[in-house]
Amino acid sequence: MSKIKKKIKGAFNSIVLPDFDMKTLEKRKGMVLVKEESKKSKKGLWIGLSTAVVAVCVCLFIGLGYFNNNMRVASTIGIDVNPSITVTVNKKEKVLDVTANNDDARIILEGMDLAGSDINVAINALIGSMVKNGYIDELANSILISVDNPNSAESEALRQKIVDELNAFINNGNNISVVSQSITSSSDKESLANSYGISVGKLELIEKLIDKNNLYTYEELKSLSINELNLLLGSTTENVTTSGTASDKSYIGKDKALEIALSDAGVSSVTWSEVEMDYDDGFMTYEVEFTYNNREYDYEINATTGDILESNREYDDNANINSGSSSNSNSSSSSSSNNSSSSNTNTSSISSTISGYASEAESILSSINNITTPSNRNDALSLYREWESKIESLDNELDNYDDTLERMYKRGELSRSDYNSYERQIEAIENTLEQAEETLEYRTGYDD
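Along each chain, the written sequence defines residue order, and numbers are assigned to residues from 1. Per-residue local features of the predicted model are confined to residues with pLDDT of at least 70, and side-chain atom pairs are confined, for both listing and counting, to 80 or more; whole-chain, interface and lining totals are unaffected and use all residues. Only heavy atoms go into the side-chain values, all of them from the structure, while hydrogens and water stay out.

**Q** Could you give an account of the environment of Gln160, with specific residues and numbers?
**A** Numbered from the N terminus, helices here are DSSP runs of H or I no shorter than four residues, and strands are runs of E no shorter than two. Assignment of secondary structure puts Gln160 in helix α6 (residues 152–171). Between buried and exposed lies partly exposed: a residue is buried under 20% and exposed over 50% of the maximum accessible area for its type, with that area taken using a 1.4 Å probe on protein chains only. With a relative accessible area of 31%, Gln160 lands in the partly exposed category. Along the primary structure Gln160 and Val147 are separated by 13 residues, whereas in three dimensions their C-alpha atoms are 9.8 Å apart. Of the polar contacts made by the side chain of Gln160, one reaches the side chain of Arg159; its length is 3.1 Å. Here a polar contact means two N or O atoms within 3.5 Å. Within protein one must be a hydrogen donor candidate and the other an acceptor candidate, and residues neighboring in sequence count only if both atoms are side-chain atoms.

**Q** Before we move on, can you summarise the environment of Tyr196 with the specific residues and values?
**A** Assignment of secondary structure puts Tyr196 in helix α7 (residues 187–196). In this structure the C-alpha to C-alpha distance between Tyr196 and Lys222, which are 26 residues apart in sequence, comes to 6.9 Å. Pairs of residues are marked as contacts when any of their non-hydrogen atoms sit within 4.5 Å. Those residues in contact with Tyr196, other than ones at most four positions away along the chain, are Leu203, Tyr218, Glu219 and Lys222.

**Q** Talk me through the sheet that holds strand β6 (residues 241–243); I want residue IDs and the actual numbers.
**A** Taken in spatial order, the 6 strands line up as β3-β2-β1-β4-β5-β6 in an open sheet, and their pairing is mixed. Edge positions in the open sheet fall to β3 (95–100) and β6, since each of these has one partner strand only. On average, each strand axis in the sheet is inclined to that of its neighbour by 20 degrees, with strand direction left out of account. For two strands to be treated as a pair, DSSP must find at least two bridges joining them. Sheet topology note: the strand β5 (residues 177–183)/β6 ladder contains 3 bridges and is antiparallel. If you follow Val179 over to β6, its bridge partner there is Thr242. To obtain each axis, a line is fitted to C-alpha atoms, and for helices this fit is confined to the stretch in contact; angles are then taken between N-to-C directions over 0 to 180 degrees.

**Q** Provide a residue-level description of helix α15 (residues 416–444), including the pertinent values.
**A** The terminal C-alpha atoms of α15, which comprises 29 residues, lie 42 Å apart, in line with the 42 Å expected from a rise of 1.5 Å per residue. Of the residues one or two after α15, Gly445 is the one with positive phi, at around 75 degrees. The span expected for a helix works out to 1.5 Å for each residue beyond the first.

What follows is the structure, given as structure tokens:
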């Protein structure tokens, strides 16, 4: 055992250890390779991950921008004639989709692929197809363009772009009329439009007409064509622009309507007149107004047949009946309040009005004297009713005017002598009308 111990001790003592220098060790501190390589690996991993994230974000940003500019719906355009079409476009105003809202629209879109087209190209193609298929012609030539975009400035700019394109279409000799509006759709409006079976654009146009004339209703106007609605718009409707002239060739026309009214009133020329299209009791009508001899005339005439549906005549309250000076004024300082007030009344205007009534009564009597009685009793009855209505209308006007003169006298605006003179003249006119009625009964064999 002692020999073994000696060998082990000798071997141990023969081991030579290196000379440890602390400075050398500090320099070699960074040589712990395993640990240093491990730290570098983690740092590289984070750098790699960061680069990947940035790349993904850039891609997402680019992709989102591409989507917003090219794929997302920026504006919706409604096109209504009878065919009703909806076109969606992106921010670049390129067509994303075209939808037919009814059967007529499906005919218009047959064989078309407008996706990717500029909106102006699409509009031209759609309008051309409507003309080709007979939905736009000389009898009904109106188109409604409704632009829906949450940004009002963008909406207006796109509306104007489309209108400019269609105006160029008009300037090239195409007979169309364009009604355009910027709208804001909502779920409530869409629901209401669906309940009436119309587009939101047409619904909003009807709303504007109702705002203009509160006698209209959705139920009345929903079935009218865009051309008929355009005719009702007239020249001033808020937030709606029109270009071109809506065709009225399906109707008798404004000039003919005025001619019918003047003929019925027995008037050849007037100082002022106005004729507007209207819709009443299921009929397109002309509202005719004119003044003659200080009287206002109002007629409602069926726009299709020319029949007089209603007529009314009344004294013009705006006439200068209470202006000017009377030639019969009393300058005496002791004159009564009646005579003093009457100096402000234009008696010549009153005389002129009464003279007009007298001329009309004489004209009626003369016409009745020249009547040739129809052999057919139904025709005779119709003739009687026609002239009886004219006599009654003038008689009512006289009564109303007589009441006006009486009020003027009681207010001191007419002297007693003037008032009595006018009363005698009106009584003479009433006698003429009584004679006309008796002659009418004799000529036609009818009476009340």
